[in-house]
Amino acid sequence: MKKLTKILMSALCIAAIGSSMAALGGCGSKKESITVSGSSSVTPIMEKLAAEYEKTHDIRIKINESDSSTGIKDVQNGLNDFGMASRDLTEKDTGVKGYTLCMDGIALIVNKSCDITDVSKADVKALYENGTSIPNSSITAAIGREAGSGTRKAFDDLMKIEKYLSGTSDKVVSEITSTGGVKTTIATATNSIGYISYGSLDDTVKAVSLDGVACTVENIMNNTYALQRPFVIVLKENGTLSAAAQGFYDYIMSAEAQTVITGAGYISVK
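About the cut-offs
Residues numbered from 1 in each chain as written. Predicted model: local features only at pLDDT ≥ 70, side-chain atom pairs only at ≥ 80, totals over all residues. Heavy atoms only, no water. Helix = DSSP H or I, 4+ residues; strand = E, 2+ residues; numbered from the N terminus. Buried < 20%, exposed > 50% of the residue type's maximum accessible area, 1.4 Å probe, protein only. Contact = heavy atoms within 4.5 Å. Areas by Shrake-Rupley, 256 points an atom, 1.4 Å probe, with all protein chains shown as cover. Expected span 1.5 Å × (residues − 1). Arc of directions from axis to C-beta. pLDDT = per-residue confidence, 0-100. Polar contact = N/O pair within 3.5 Å; in protein donor to acceptor, adjacent residues only side chain to side chain. Phe/Tyr/Trp six-rings, centres within 6.5 Å; stacked < 30°, edge-to-face > 60°. Pairing = 2+ DSSP bridges. Axes fitted to C-alpha atoms, helices over the stretch in contact; angles between N-to-C directions. Parallel < 35°, antiparallel > 145°, perpendicular 65-115°, else oblique. Left-handed = near helix turned anticlockwise from the far one by under 90°. Nonpolar A, V, L, I, M, F, W, Y, C, P; charged D, E, K, R; others polar. Core = buried A, V, L, I, M, F, W, Y, C linked by side-chain atoms within 4.5 Å.

## Thoughts on the overall build of the protein chain
Then, in step 1: Of regular secondary structure, the protein chain possesses 9 helices and 10 strands.
Then, in step 2: By residue count, 46% of the 270 residues in the protein chain fall in the buried class.
Then, in step 3: Pairs at least 24 residues apart make up 76% of the contacts formed inside the protein chain by residues separated by at least 6 positions.
Then, in step 4: Carbon and sulfur atoms make up 53% of the accessible area of the protein chain, which amounts to about 13,400 Å² in all.

Shown next as structure tokens:
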């Protein structure tokens, strides 16, 4: 009987120790998380940076894709750790401050089957504002971004487009809510032109030159390509980051991160 009692007591002790270790293990495995939100143009490179950082840090980085204006508002309202914008901040963006992550071009894109390789700034402006087809081409329609998009604001400012043609029955200008959405639309529309981040270019669409200048890293760096803008990290003006968020912010702004940034086709500012 004593022997059986000892065996039972030993089993109970082992079970108790096992439960305690499991509980401690569960506590230790809970990762701290941070949230970054905003521009769909900045999202792809931010996801790459987050993946690299998570390899050596016990932290979960959540990237919420939306647009630049939403990312900035999230910072203002305390809904993220920091935001992403694909444009410079303006005087209307109160209570926040911005720091340039890298530079990017805005590529004009058409369907791969389209025979045009070059367009003029004047012709593109006329299409978006007035619905005037691109001369000597099949391009009769345009794809733009939604009003809150940083890419749209940068594109409109650089192209000096006052207002998109809207309210027409044939929808000369359609507004799409993400970079991926613009690419998908252009990939199936043979009569349209659109614009996306240079770093998001792939073989599903074709980039065309603007006034004879191709959208390349070299031409963006030497300022001969007209459509370029910064990717901006947005912080609260008088706020402080958590230790986890500060660590990730320090990483993405470091020279080490620039190898990831340039490897992905964006232009380093370091």
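## Side note on helix α2 (residues 43-54)
Then, in step 1: Between its terminal C-alpha atoms α2 stretches 16 Å, which fits the 16 Å expected from 12 residues at 1.5 Å a residue.
Then, in step 2: Buried within α2 are the following residues: T43, I45, M46, L49, A50 and Y53. On an axial view of α2, the arc spanned by its buried residues comes to 160°, and they lie on one face.

## Section: the confidence of the model for the protein chain
Then, in step 1: On average, residues of the protein chain score 89 in pLDDT, and 87% of them are at 70 or above.
Then, in step 2: Every residue in residues 11-28 scores below 50 in pLDDT, and together they form 1 contact with partners more than four places removed in sequence or on other chains.

## Remarks on helix α3 (residues 68-76)
Then, in step 1: Looking at α3, one finds that the buried residues are S68, G71, I72, D74 and V75. The arc enclosing the buried residues of α3, seen along the axis, measures out at 155°, which places them on a common side.
Then, in step 2: The elements touched by buried residues of α3 are β1 (32-39), β2 (59-66), β3 (82-85), β4 (96-110), α5 (150-159) and β10 (228-236).
Then, in step 3: For α3, the side-chain oxygen to backbone nitrogen distance between the N-cap and S69 is 3.2 Å, and the N-cap itself is D67.

## A short note on the packing of aromatic side chains
Then, in step 1: Applying the stated criterion across every chain, the model contains 11 aromatic pairs.
Then, in step 2: Considering the side-chain rings of Y99 and Y249, the 6.3 Å spacing of their centres and the 70° angle between planes classify their relative orientation as edge-to-face. Taken together, the positions of Y99 in strand β4 and Y249 in helix α8 (residues 243-252) put the pair 150 residues apart, joining distant regions of the chain.
Then, in step 3: Residue Y99 is classed as partly exposed on the basis of its relative accessible area of 34%.
Then, in step 4: An angle of 50° between the planes, with centres 5.4 Å apart, marks the rings of F231 and Y266 as tilted. Taken together, the residues F231 in strand β10 and Y266 in the segment after α9 (255-263) connect sequence positions 35 residues apart.

## Focus: the pairing of strand β9 (residues 206-210)
Then, in step 1: Across 3 bridges, β4 lies against β9 in antiparallel orientation. Within the sheet, the bridge partner assigned to L108 lies in β9 and is V208.
Then, in step 2: Relative to β9, strand β5 (residues 118-119) runs parallel, the two sharing 2 bridges. In the sheet register, D118 faces β9, and the bridge partner there is S209.

## Examining the environment of C102
Then, in step 1: Relative to the helices and strands, C102 resides in strand β4.
Then, in step 2: Taking C-alpha positions, C102 is 7.5 Å from V232, a pair spaced 130 residues apart along the chain.

## So, the packing of α2 against α8
Then, in step 1: Packing of α2 against α8 leaves a shortest axis separation of 11 Å and a crossing angle of 115°. One finds that α2 runs roughly perpendicular with respect to α8. The handedness of the crossing between α2 and α8 comes out as right-handed. Judged by residue contacts, M46, L49, A50, E52 and Y53 of α2 engage G247, F248, Y251 and I252 from α8.
Then, in step 2: Of the residues contributing to the contact of α2 with α8, the split by class is 7 nonpolar, 1 polar and 1 charged.

## Some remarks on unusual backbone geometry
Then, in step 1: Phi at K160 takes a positive value of approximately 60°, unusual for a residue other than glycine.
Then, in step 2: Structurally, K160 is set in the loop between α5 and β7 (173-176).
Then, in step 3: Given a relative accessible area of 58%, K160 falls into the exposed group.
Then, in step 4: Positive phi, normally seen in glycine, also occurs at D211, with a value near 50°.
Then, in step 5: Along the chain, the position of D211 falls in the loop between β9 and α7 (217-221).
Then, in step 6: Under the relative-accessibility criterion, D211 is labelled partly exposed at 47%.

## Describing the nonpolar core
Then, in step 1: Membership of the largest hydrophobic core comes to 39 residues, with the highest contact counts inside it found for L108, V119, Y128, F155 and I193.
Then, in step 2: Those elements giving two or more residues to this core turn out to be β4, α4 (121-130), β6 (141-145), α5, β7, α6 (179-188), β8 (192-197) and β9.
Then, in step 3: Of the residues forming this core, the biggest block, 5 residues, is contributed by β4.
Then, in step 4: Apart from residues lying up to four places away in sequence, F155 is in contact with I106, L108, V124, Y128, I161, Y164, Y195 and L227.
Then, in step 5: Ranked by size, the runner-up nonpolar core spans 30 residues in total, among them I61, I63, M253 and A264.

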